[in-house]
Every structure is written in C-alpha cells, then in structure tokens.
Amino acid sequence: MSILSRIRHLRDRWHQYKLDLQEKSIWQFRIVDGVETIVVALAMALLIRKFIIQASIVPSTSMVPTFLVGDRLFVNKFIYRFQTPERGDIVVFGSVVDDKDYVKRCVGLPGETIEIRRGDIYINGKLIFLPGVNVQRDYDYMDPVTIPPESYFMMGDNRGGSSDSRFWGFVPASHLLGKAWFTFWPLSRMQLLH
C-alpha cells in the first residue's frame with residue numbers, strides 16, 4: 001500500500017468515526033471536532049513559522065533609522081531557498097558569535113572584495129551607493145578583504161552603532177533565516193520593506 005493510499009484510508013476512517021460519533025453523542029462530537037480544529041491549526045502555525053514566515057523583533061539601534069529598537073517585522077523564510085541575497089537586502093540571520101538573531105543589511109556578496117574608507121564602502125575597488133537607504137555614516141576604515149564563497153558581509157544602517165561583519169566576520173549562507181519583509185509594529189511605522 002502506497003503512502004498516499006494509506007493517508008486516504010486513515011482520513012476516510014477518521015471521517016467515518018466522526019460521523020458515527022455525531023449520531024451517538026453531539027457533545028462528544030463537538031469536543032472531538034474542536035480538538036481536531038485546534039491540533040490542525042497548531043500544526044499549520046508551526047509549519048508556517050518554521051518554513052514560510054516568522055515574526056522577529058529588532059534588538060538594537062544598529063538599523064536606525066530604518067528600524068527602531070523593538071520594531072517587529074515579518075521575515076520571509078523561504079525566499080533564500082530559491083534565490084541568493086542581493087546587495088541592499090535586509091536580512092535576518094543567526095549570529096556567528098552567540099545565540100541571537102540579527103537584522104542587518106547585506107552589503108557584500110560571495111567572491112567580492114570589500115574595503116571601507118572614511119565610512120564609504122568600496123566593492124571590487126568601486127564606491128557603492130544603496131539607493132533609498134538612509135545610512136548613518138561613520139568614518140571607519142577597513143582594509144580590503146575578499147568575501148568567501150557562500151558567505152555575506154552584513155552591516156547595520158547606523159554604522160557608528162552597529163556590531164556587524166566588520167567586527168565578527170562574514171555570515172555563512174547556512175546562518176541566513178530570511179529576508180525582512182514587512183514591519184507590522186508599531187502601527188505608526190508599518191511598512192513594506194524593499
């Protein structure tokens with residue numbers, strides 16, 4: 001018996017059990033039906049949170065003014081299964097140094113050489129500019145370094161107040177949780193993110 005036919009068989013048996021129970025006792029039927037609804041809803045919520053979308057809280061001032069501390073956002077968890085991060089994406093990832101999740105902007109891509117001069121970012125020797133991004137610039141310097149394969153260079157928009165790839169290194173692709181998609185709290189800052 002194939003797995004699909006086994007599932008159909010179990011579904012049919014369950015449906016018949018509920019029909020028999022409904023004829024026998026409406027109260028027992030309502031309890032079983034209610035429990036079934038709760039179990040299915042919980043299973044779907046867990047699957048959605050694990051594979052599709054999750055809520056995340058901005059933990060620090062590193063992304064000011066794009067995000068403020070405590071802003072809540074939805075993270076698209078499946079997008080990086082089909083495409084790689086692009087420069088300028090706001091990415092949520094598991095830290096490479098502790099057990100926290102971070103929200104930063106992807107600045108450098110695998111194989112590129114990144115350098116910082118007086119706070120300006122140079123990729124492969126060329127000054128980059130991220131259109132529409134309000135960067136709170138600092139005047140930091142960093143010698144040229146090449147980003148390894150399957151790794152990314154992440155920085156906060158509030159460069160002077162951000163602990164990021166300049167301090168703890170590259171973020172491996174395996175640490176990426178997803179792309180920040182939508183700010184939903186507080187309501188006054190609700191916005192679709194680009």
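A. Local environment of unusual backbone geometry. A cis amide bond links Val64 to the next residue, Pro65, at an omega of 5 degrees. Note that Pro65 resides in the loop between β1 (53-57) and β2 (72-76). Looking along the chain, the bond that leaves Trp185 and enters Pro186 is cis, with omega of 0 degrees. The backbone of Asn124 sits at a positive phi, close to 50 degrees, despite the residue not being glycine. Mapped onto the fold, Asn124 is located in the loop between β6 (120-123) and β7 (126-127). The backbone phi angle of Glu150 is positive, close to 60 degrees, even though this residue is not glycine. The topology assignment puts Glu150 in the loop between β8 (142-146) and β9 (151-155).

B. Representation of the confidence of the model for the protein chain within the structure. For the protein chain, the average pLDDT comes to 88, and 99% of its residues sit at 70 or higher. When mean pLDDT is taken per element in the protein chain, β9 scores highest with 95 and strand β12 (residues 191-192) scores lowest with 80.

Conventions and cut-offs
- Residues numbered from 1 in each chain as written.
- Predicted model: local features only at pLDDT ≥ 70, side-chain atom pairs only at ≥ 80, totals over all residues.
- Heavy atoms only, no water.
- Helix = DSSP H or I, 4+ residues; strand = E, 2+ residues; numbered from the N terminus.
- pLDDT = per-residue confidence, 0-100.

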